[in-house]
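Given next are the chains, with one letter for each unit.
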Amino acid sequence: MHPLTKLYARKMFRQRLVYVFFACFFTASFFYAFLISTPQMEEMLNIDISIVGRENFPEFMMRFYVGTVGILFNVFLLTLFLCEEDRNKILYQPLLHGESRKRIILSKTCVAVSMSMIFVLLTAFINYTTAFMRWGANIFKAAAIIRTLEKYLLSGIYMTAIMLFIIVLCIYTRSSWKTIFFVIVYMFMDSFIYNSDILFLKKLWIGYYFNFWTFSCEYRAVPLKEIFGGIFVMGLYGIVFYQISLHRTKKIDF
Amino acid sequence: MIIRLLNIQFARLKSQKLFYFYFVLMAAIIISNALSCTGSPAENGMEYYAGGRFPTMCLQSFIDIIGTLFLSFIVAVFICGERASGMFKQPLLNGVSKKQLLLAKTISIFIIALICFLFVIIFSIGTGFLFWGNHVFDYTGEYLLQVVLLIFPQMTMVLFLVLLSLYMSNISGMMCASLIILLVNNLFSQFFGRYILFIDFMYYLYAFSGYNGVVLKGWMIVWGVILNIVTGVVLFYGMKRRMDNMVM
């Protein structure tokens, strides 16, 4: 690993907010696992424990992280990591030590992308742990585990593409609040496009496949066609976002 | 002096595109709520809100996360952002005391919160009138009571966010902290509502708007109002203390 990447990774994992967030997530998952089984809670939360419990619980809890909460959490961390550093004039400090602009962005991107994937897998681990604590070995059903882990990995790919999008926003806007603002706009657009009837637009939209995997294929396997279609579109978006961020970094005026 | 500081704050606010975006966003959410109530309300489970209770539904959408997150955003931009860029010091150099500055900031954020809240109320009634005519006034008493009661937790929320922003050094940190607090609070309200209603002022954001489906009793209303006032006083004292000790 390049020393700069190592430095950025250390910086990111030194953020106390990351640990606070996942401690809260564990608490939430624990409460959901242990407290949703009562009839009052089932009625209040409008769920059926026979469907969302046991082997389906990790999939049920996935939506609490991937999507709105996860994207917001990641954008807050990334703006801290990019925009705030830029404002404090430390983002481009490695240039003084002979590093190239491309190297800086590559290192930042590597950390951001691995961070998003690690966070998704961490939520999978937390959800499986709490589900195991609640239902024991009953949660281990081969078909369900494969299906759930597949969805977590697909969500990780989606979050990775979104991270690249956030990096582009950070580099272009160079301001925390503007980046957060545009990400919120993106989330509304995403929900609007997913609920619209324009099939052509939907198929080309980065968030469509994630919504399809999570909501339309809830508690059932995702068709292979949709998996590959989604990975292809997200990969394409990812490459474009990465190229844009590199292009912009080369032109940026300090 | 405070009036002058307030004028500066509002001049800044007017130039914030974010503020206008909020209105567009809320208008879109309210119209989309109305459309989901008119399409096939029984299928969507919206028949309860179609007509007279439509403004309540919009209020709940506002209370859920958007309103609070937006408020936190405004506080972050106005306090953390200014502090990080050193603009907090500027009024102090012109003879303004820390206390006056804090008061002006808090009052301006109160007014912003009130404008945002009023916008939701007026726009939802207007939209409801367009869709359901006079039926939108069927539950006016119930709705107005909710509006009046919600002013208390909203005001306490502003004080809480201002205090939080005084401890956070940048916009991202502030937003992240408020997101975590909101989620934890939502979680506790869902699972331990019957216990935390005695200590948590934020619980009343959900209880007074009917978001958590709890039937409000007389003693809960009185306790909610008292709790919010007491918490508000404690938070204000905390803000004052923090401002006195803070290195700008």
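S.K.: Any chance you could explain the pattern of salt bridges here in plain terms?
M.R.: Where charged atoms of side chains with opposite charge meet at close range, the side chains can pair. Residues and elements named next belong to chain A. For the coordinates displayed, the defined rule picks out eleven salt bridges over all chains. For K11, the salt bridge identified is with E85, shortest N-O distance 3.1 Å. Here K11 is found in helix 1 (residues 3–13), whereas its partner E85 is found in helix 7 (residues 83–87), with 74 residues between them in sequence. Take K11: its relative accessible area is 29%, and that puts it in the partly exposed class. A salt bridge links D86 to R174, with the nearest nitrogen and oxygen atoms 2.8 Å apart. In this pair, D86 sits in helix 7 while R174 sits in the loop between helix 9 (142–173) and helix 10 (176–195), placing the two residues 88 residues apart along the sequence. For D86, a relative accessible area of 9% puts it in the buried group. A relative accessible area of 30% places R174 in the partly exposed class.

S.K.: Please explain the interface of chain B and chain A as it appears in this structure.
M.R.: Many descriptions give the size of an interface as the accessible area lost when the pieces come together. On the side of chain A, 27 residues touch chain B, which itself brings 28 residues to the contact. Between chain B and chain A lies a buried interface of about 2500 Å² when both sides are counted; carbon and sulfur atoms form 86% of it. A per-residue breakdown of the area chain B buries against chain A is headed by S172, I180 and F191 of chain B, which together make up 22% of the total. Inspection of the region where chain B meets chain A yields zero salt bridges. Counting across the interface, chain B meets chain A through one residue pair in polar contact (both at pLDDT 80 or more). Of all elements in the fold, only helix 2 (17–38), helix 4 (54–84) and helix 8 (171–196) of chain B reach the threshold of two or more residues within the side of chain B that touches chain A. Sorting elements by how many residues they give to the side of chain B that touches chain A places helix 8 of chain B first, with 15 residues. In terms of residue class, the side of chain B that touches chain A is built from 21 nonpolar, seven polar and no charged.

S.K.: In this structure, what is going on with the side chain of S107 of chain A? I would like to understand it.
M.R.: Tracing the backbone shows S107 of chain A in helix 8 (residues 101–135). Among the polar contacts made by the side chain of S107 of chain A, one reaches the side chain of T5 of chain A at a distance of 3.1 Å.

S.K.: Please clarify how the packing of helix 2 of chain B against helix 6 (residues 98–132) of chain B should be interpreted in this entry.
M.R.: Packed helices, taken two at a time, are described by the angle their axes make and the gap between the axes. Residues and elements named next belong to chain B. At a closest axis distance of 10 Å, the pairing of helix 2 and helix 6 adopts a crossing angle of 30 degrees. Our pair here, helix 2 against helix 6, has a crossing hand that is right-handed. Two secondary-structure elements touch here, helix 2 through F19, Y22, F23, M26, A27, I30, I31, A34, L35, C37 and T38 and helix 6 through I112, I115, C116, F119, V120, F123, S124, T127, F131 and W132. Looking at the contact of helix 2 with helix 6, its residues break down into 18 nonpolar, three polar and no charged.

S.K.: Looking at this model, I keep getting lost on the environment of V240 of chain A. Mind explaining?
M.R.: Within the secondary structure layout, V240 of chain A lies in helix 13 (residues 224–251). On the accessibility criterion, V240 of chain A (43% relative accessible area) is partly exposed.

S.K.: Explain the confidence of the model for chain B to me, please; I cannot follow it from the model alone.
M.R.: As a note on interpretation, predicted positions should not be read in detail where pLDDT is low. With 96% of its residues at a pLDDT of at least 70, chain B reaches an overall mean of 84. For this predicted complex, the interface confidence comes out at an ipTM of 0.75, alongside a pTM of 0.82.

S.K.: Looking at this model, I keep getting lost on the environment of I198 of chain A. Mind explaining?
M.R.: Note on placement: I198 of chain A falls in the loop between helix 10 and helix 11 (199–204). In the structure, I198 of chain A is positioned 80 residues away from I118 of chain A in sequence and 34 Å away in space, judged by C-alpha atoms.

Basis of the calculations
Residues numbered from 1 in each chain as written. Chains lettered and ligands numbered in written order. Predicted model: local features only at pLDDT ≥ 70, side-chain atom pairs only at ≥ 80, totals over all residues. Heavy atoms only, no water. Salt bridge = Lys/Arg side-chain N within 4 Å of Asp/Glu carboxyl O. Helix = DSSP H or I, 4+ residues; strand = E, 2+ residues; numbered from the N terminus. Buried < 20%, exposed > 50% of the residue type's maximum accessible area, 1.4 Å probe, protein only. Contact = heavy atoms within 4.5 Å. Buried area = accessible area lost by both parts, 1.4 Å probe. Polar contact = N/O pair within 3.5 Å; in protein donor to acceptor, adjacent residues only side chain to side chain. Nonpolar A, V, L, I, M, F, W, Y, C, P; charged D, E, K, R; others polar. Axes fitted to C-alpha atoms, helices over the stretch in contact; angles between N-to-C directions. Left-handed = near helix turned anticlockwise from the far one by under 90°. pLDDT = per-residue confidence, 0-100.

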